[in-house]
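Okay, here's what each chain looks like letter by letter:
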Amino acid sequence: MTIHQHFDTVLINGRVVDPTNNIDGKFDVGIRLGKIASVAERIPPEQAGDIIDVTGQIVIPGHIDTHAHLSSPFNSNVDRAYGHAMLVESGTTTALDLAGDPTAMVQGMIKRGAGLNVASLMGLVPHETVPEDDPRPAVLRDAVADVKRRGGFGVKMLGGYHPFTPESSADVVAAANEQLAWVAFHVGTKDSGSDMTGLREVPEITGNGRLHVAHINSYTRGMIEEPHEEVQEALGLIENMRSQWITEAYLAQANGTNGLCDENGDVVYNVAQNCLKARGYPTTDEGIRESLMDGYGSALIERGGRVIMVTGKEAVEIWESASTDASLSYPVNPPTSAFSLATARYEDGTFRIDAISTDGGSLPRNVAIERTMALVEFGALSMDEAVIKLSYTPSRMLGLLNKGHFTEGADADVTVINPSSGKASMSLVAGELIMLNRRAIGKGGTWLVLDEGKDSAAATGLPYEVINLENSKLYASWS
Ligand SMILES: [Zn+2]
């Protein structure tokens with residue numbers, strides 16, 4: 001007689017936290033055919049194929065990062081596909097690339113993928129991904145339809161780098177909304193900046209539409225008012241737009257920007273200008289050089305298959321050898337803003353900012369899980385709330401109804417966290433280990449596409465899943 005194994009893999013003895021099912025305690029998690037098959041106080045070992053002992057560790061539905069960088073819409077001096085392994089090593093199992101281009105994304109996933117589920121947005125860059133400055137509505141409609149066919153979820157406006165007029169920005173929202181495509185906004189237009197002045201314009205740009213307003217913390221850096229005043233103002237705007245916006249914020253101090261200077265030596269991008277102004281440096285090539293030499297700014301460089309930050313002379317050399325068009329980083333996100341935004345709630349206890357994101361991936365600041373666990377340790381979030389911000393609400397934002405919880409039949413995407421370090425120690429996607437002891441061991445990835453992207457996805461040879469954004473929080477009760 002052969003013993004029938006009910007489960008391919010069983011995680012035993014972990015503290016399982018799944019607020020959707022009111023679970024917080026010592027349980028075994030049984031996985032069969034890539035799905036959650038059972039969460040029980042004890043699963044007999046003879047019913048398990050593989051047993052993974054997670055005694056003393058915390059087992060949560062896999063972290064879903066609603067703001068990551070795994071590809072680039074323009075040339076970059078670092079290959080953003082390194083972000084797959086970097087994100088996986090921090091415990092993430094699903095990511096929205098923000099943005100990016102779906103074609104580049106697939107190439108990166110085939111070459112350097114680490115087992116993530118990935119959805120992709122296309123960054124709107126005039127003369128690169130859209131043919132003109134302030135594209136006409138018909139051009140935008142075509143761009144949205146094209147990106148969906150190529151396997152993308154939709155588009156992102158890069159207002160801190162390639163701002164449109166407020167009117168064109170509103171056209172982008174409308175073009176995406178009418179095709180039920182994703183639309184994300186790094187705020188800022190030709191009339192405003194990548195700061196609170198940009199955020200103030202967004203309600204009007206949104207109109208009656210729906211919008212993912214990206215990394216709220218980036219507009220509360222104290223550029224216009226004191227940071228705590230900007231936080232309060234941002235939270236007020238979010239409350240007013242509660243049924244139309246979805247939002248995330250990240251917890252790293254380091255930002256990501258680009259040091260491009262024009263032929264006069266002036267810094268081109270608004271975000272980089274703000275970084276320099278924040279510490280009194282001139283917004284010129286000389287200002288960038290000094291900021292790097294002083295160790296305030298860092299340059300990003302690939303080393304050993306990961307992207308790291310360096311400062312000083314080495315950073316200046318990287319920036320100069322890229323003819324100033326280099327990825328840089330500045331520690332401009334105040335921890336007080338990060339704390340307030342991550343923990344702000346409405347009176348009914350739901351969070352004002354939907355999710356905690358990394359804004360990382362290829363940018364070395366994938367600290368969403370460890371910083372969230374620090375907030376749990378501090379008492380600012382309960383463990384249930386940590387799961388809601390890292391996994392459950394992100395799954396609702398993206399319409400991934402089979403993720404974010406451990407209901408029987410849900411995808412067996414799991415993040416295991418070491419409670420003493422607060423860092424993820426292991427993760428699984430569809431029941432397969434993709435990370436162990438902070439080393440990525442997964443390959444490739446699963447491509448999350450809309451119905452129009454099925455054929456493109458099938459042609460890549462990668463596994464894929466068709467997602468319906470009618471199920472997403474972005475388009476909840478949209479008609
Ligand atoms: Zn970003």
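Scroll up to find the structure this text is about.
Keep in mind the model is a prediction, meaning the values are calculated, not measured.

Asker: I tried to follow the environment of Ser427 on my own but got confused; where do I start?
Answerer: Topologically, Ser427 is positioned in strand 20 (residues 424–429). For Ser427, a relative accessible area of 0% puts it in the buried group. Along the backbone, Ser427 and Asp413 are 14 residues apart, and their C-alpha atoms lie at a distance of 7.4 Å.

Asker: Would you take a moment to explain the coordination of the zinc ion for this structure?
Answerer: Think of it this way: four donors in a tetrahedron around the metal ideally sit 109.5 degrees apart, and six in an octahedron ideally sit 90 or 180 degrees apart. Around the zinc ion, the protein supplies His67 (NE2), His69 (NE2) and Asp359 (OD) as donor atoms, at distances of 2.1 Å. Spacing between the donor residues of the zinc ion along the chain follows H-x1-H-x289-D. Highlighted residues: His67 in strand 6 (residues 63–69) and Asp359 in the loop between strand 17 (355–357) and strand 18 (360–361), separated in sequence by 292 residues. His67 sits in the buried class, given a relative accessible area of 0%.

Asker: Explanation requested: the pairing of strand 9 (residues 154–158) in the structure shown.
Answerer: Along a regular strand, successive side chains alternate from one face of the sheet to the other. The buried fraction of strand 9 is high, at 5 of 5 residues. Note that strand 8 (residues 114–124) and strand 9 share 4 bridges and pair parallel. Each residue of the ladder has a partner; that of Met122, found in strand 9, is Val155. Relative to strand 10 (residues 182–186), strand 9 runs parallel, the two sharing 5 bridges. Looking at the pairing, Met157 lines up with Phe185 of strand 10. Handedness of the β-α-β unit built from strand 9, helix 4 (residues 166–178) and strand 10 comes out right-handed.

Asker: What's the story with the sheet that holds strand 14 (residues 298–303) in this structure? I'm lost.
Answerer: The sheet built from 4 strands is open, its strands ordered 13-16-14-15 with antiparallel pairing. The sheet terminates laterally at strand 13 (257–258) and strand 15 (306–310), the two strands that pair on one side only. In terms of strand pairing, strand 13 meets strand 16 (residues 327–329) through 2 bridges, oriented antiparallel. The residue of strand 16 that forms the bridge with Thr257 is Leu328.

Scoring rules and cut-offs
Along each chain, the written sequence defines residue order, and numbers are assigned to residues from 1. Local features in a predicted model are, by the rule used here, given only for residues with pLDDT of at least 70; side-chain atom pairs are given and counted only at 80 or more, and totals for whole chains, interfaces and linings are based on all residues. Side-chain descriptors were evaluated using all non-hydrogen atoms of the structure, hydrogens and water having been removed beforehand. Numbering of helices and strands runs from the N terminus; a helix is a DSSP stretch of H or I covering at least four residues, while a strand is a stretch of E covering at least two. Exposure categories follow from relative accessible area, calculated using a 1.4 Å probe and restricted to protein chains: below 20% of the type maximum is buried, above 50% is exposed, and the middle band is partly exposed. Distances up to 2.8 Å from the metal define which N, O and S atoms are donors, and 3.2 Å serves for Na, K and Ca; water is absent from the atom set, so sites may look incomplete. The pairing criterion for strands is at least two bridges between them, as found by DSSP. The definition of a right-handed crossover adopted here requires that, viewed with the strands pointing away, the path from the first strand over the helix to the second runs clockwise.

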